[in-house]
Amino acid sequence: MTVTIVGAQLGDEGKGALVDRWGEEADTVVRYQGGDNAGHTVVEGGEEYKLSLVPSGCVRGKTGVLGNGCVVNPRTLFDEIETLREKGLDPDVRVAKRAHVILPYHRVFDNMEETDKEDTDMKVGTTGRGIGPTYEDKAGRRGVRIGDLLDTDVLRNRLEYTVANKRAIAEEVYGIDAGVEFDVDELVAEFAEYGRRLQENDMLVEAGDFLYEQHEAGGNLLFEGAQGTSIDIDHGNYPNVTSSNPTAGGATVGSGVGPGVVGAGEIVGIVKAYLSRVGEGPLPTEMEDDEEDLADEIREKGGEFGTVTGRPRRIGWLDVPMLRHAARRSSFTGLAVNHVDVLAGLEELQVCHSYELDGETRETVPATTEEWARCEPNFREFETWSEQDWSAVAEEGYDALPAACRDYLEYLESELGAPVYAVGVGPDRDQTVERQTPWE
Ligand code: IMP
């Protein structure tokens, strides 16, 4: 069977911990979109693993696949594999030959465009990893795919066209000195070598066929979404989005596993009990002005600083219209709610149940970002809960959660029409209250 993990908010919902936990019953963990913009922290036995590209399941000894929908920076890939090896792991990572390659000039373009947009509301606040420019080249049919790294002539041909084009834009439009990132010979030498390493280490796959065979043979596939629904390029608040589809449809397009298979499995929405956002864009429930102290408290307690960039995250109250939007776009069959421990001990607890927009009450997110920015939250006050021995709660199970916390969770279940499978009560893998695994 398959289980698909989808971020229900703006990324950073704590997907890694669940992927790690539920990955135990999977044979293969598949990333279907994004690249090294993702930040997955997996804590195991006190050891912290920070991954941005390698599927988090690899920490548990599973096969990890980077599907065709991913954009792969081979430098990051081999660095992360090396770091895991130094910690005594032997990660089994496969890469789709159809996946696109992030080249050094993509990062230059990412940062150049962000600088250019600096004082406009077009600024996205990207992670600077070259994600958008790589997907742009994919759609523009001038990208380099992983499979192209295997044949130096093909690689050189592709790069000669594309690099000349990029160099001209960099120099003539943006007025920068195009450096070594735009040197075809250097690029061919470095990236053909990655191709050789990928082949030598038996890491290359036609992902769709590889996964088809595993599924046919009765294997369990876990699809690990990165980022979240509200930064999905189609269903997020454009243009403050990433350039791929974290929603469940992405799992099929970005892996080559058919929608009938993905749809027949479980699709679990991962929710953080409050909101955080890195980068630009509206956040109707943002804690600002007289709530800044509260935001600081949650930020510190929840460690809300970007895994990839270290940027402090903006903090807001839980936004249920955003969650309804996510549940409908991805057909959630279950939920996991993380970080309920971070909310413990607060003096007040609010949840945005609906929005007011132009005199109307709305239960979901409007299609334009401008409208979303004008939405006024209709808050509902919830009872707070106190600090607990969360490890003990995790051990005892759902009924050991404070009653107010259970009310909060049950409200979400009824609004989103999906049961809560798990509740995150701390950063460690064991600090999870599990009611049911999605594999059951
Ligand atoms: P990009 O993916 O680097 O192009 O960034 C586009 C937007 O997505 C920016 O607002 C980033 O902050 C946001 N973003 C990208 N990856 C993540 C993530 O893993 N968690 C949260 N936000 C992300």
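What you are looking at is a predicted structure, and each value in this text was computed from that prediction instead of being measured.

### Observations concerning the nonpolar core
- Ranked by size, the top nonpolar core spans 101 residues in total, and within it Leu77, Leu159, Val340, Trp385 and Leu401 carry the most contacts.
- Leaving out residues up to four positions away in the same chain, leucine 159 has contacts with Leu103, Tyr105, Val144, Ala164, Val184, Leu187 and Val188.
- If you look at the next biggest cluster of nonpolar residues, it comprises 14 residues, including Ile5, Leu18, Val19 and Trp22.

### Focus on a negative patch on the surface
- Residues Glu288, Asp289, Asp290, Glu292, Asp293, Glu297 and Glu347 make up a contiguous surface patch of negative charge.
- Tracing the chain through its elements places glutamate 347 in the loop between β15 (334–338) and β16 (349–357).

### Side note on the pairing of strand β2 (residues 28–31)
- Here β2 shows two buried faces, one formed by Thr28 and Val30 and the other by Val29 and Arg31.
- Pairing between β2 and strand β5 (residues 63–66): four bridges, direction parallel. What sits directly across from arginine 31, in β5, is leucine 66.
- Two elements, β2 and strand β10 (residues 221–224), share four bridges in a ladder whose sense is parallel. If you follow valine 30 over to β10, its bridge partner there is phenylalanine 223.

### Structural notes on the sheet that holds β10
- Spatial ordering of the open sheet is given by β9-β7-β5-β2-β10-β1-β11-β15-β19-β20, a layout of 10 strands whose pairing is mixed. Both outer strands of the open sheet, β9 (204–205) and β20 (432–434), are each paired with one neighbouring strand and no more.
- Sheet analysis places strand β7 (residues 92–96) next to β9, joined by two bridges and oriented parallel. Considered in β9, the bridge of alanine 96 is made with valine 205.
- Each of β1 (2–7), β2, β10, β11 (266–272), β15, β19 (420–424) and β20 touches helix α1 (residues 15–22); the most contacted strand, β1, lies at about 170° to it.
- Against the sheet, helix α7 (residues 207–216) touches β1, β2, β5, β7, β9 and β10, its axis set at about 145° to β5.

Conventions we followed
- Residues numbered from 1 in each chain as written.
- Predicted model: local features only at pLDDT ≥ 70, side-chain atom pairs only at ≥ 80, totals over all residues.
- Heavy atoms only, no water.
- Core = buried A, V, L, I, M, F, W, Y, C linked by side-chain atoms within 4.5 Å.
- Buried < 20%, exposed > 50% of the residue type's maximum accessible area, 1.4 Å probe, protein only.
- Contact = heavy atoms within 4.5 Å.
- Patch = residues over 30% accessible without salt bridge, like charges linked within 9 Å, V, L, I, M, F, W, Y side chains within 5 Å.
- Areas by Shrake-Rupley, 256 points an atom, 1.4 Å probe, with all protein chains shown as cover.
- Salt bridge = Lys/Arg side-chain N within 4 Å of Asp/Glu carboxyl O.
- Lys, Arg positive; Asp, Glu negative; His and termini not counted.
- Charge placed at Lys NZ, Arg CZ, Asp CG, Glu CD.
- Helix = DSSP H or I, 4+ residues; strand = E, 2+ residues; numbered from the N terminus.
- Pairing = 2+ DSSP bridges.
- Axes fitted to C-alpha atoms, helices over the stretch in contact; angles between N-to-C directions.

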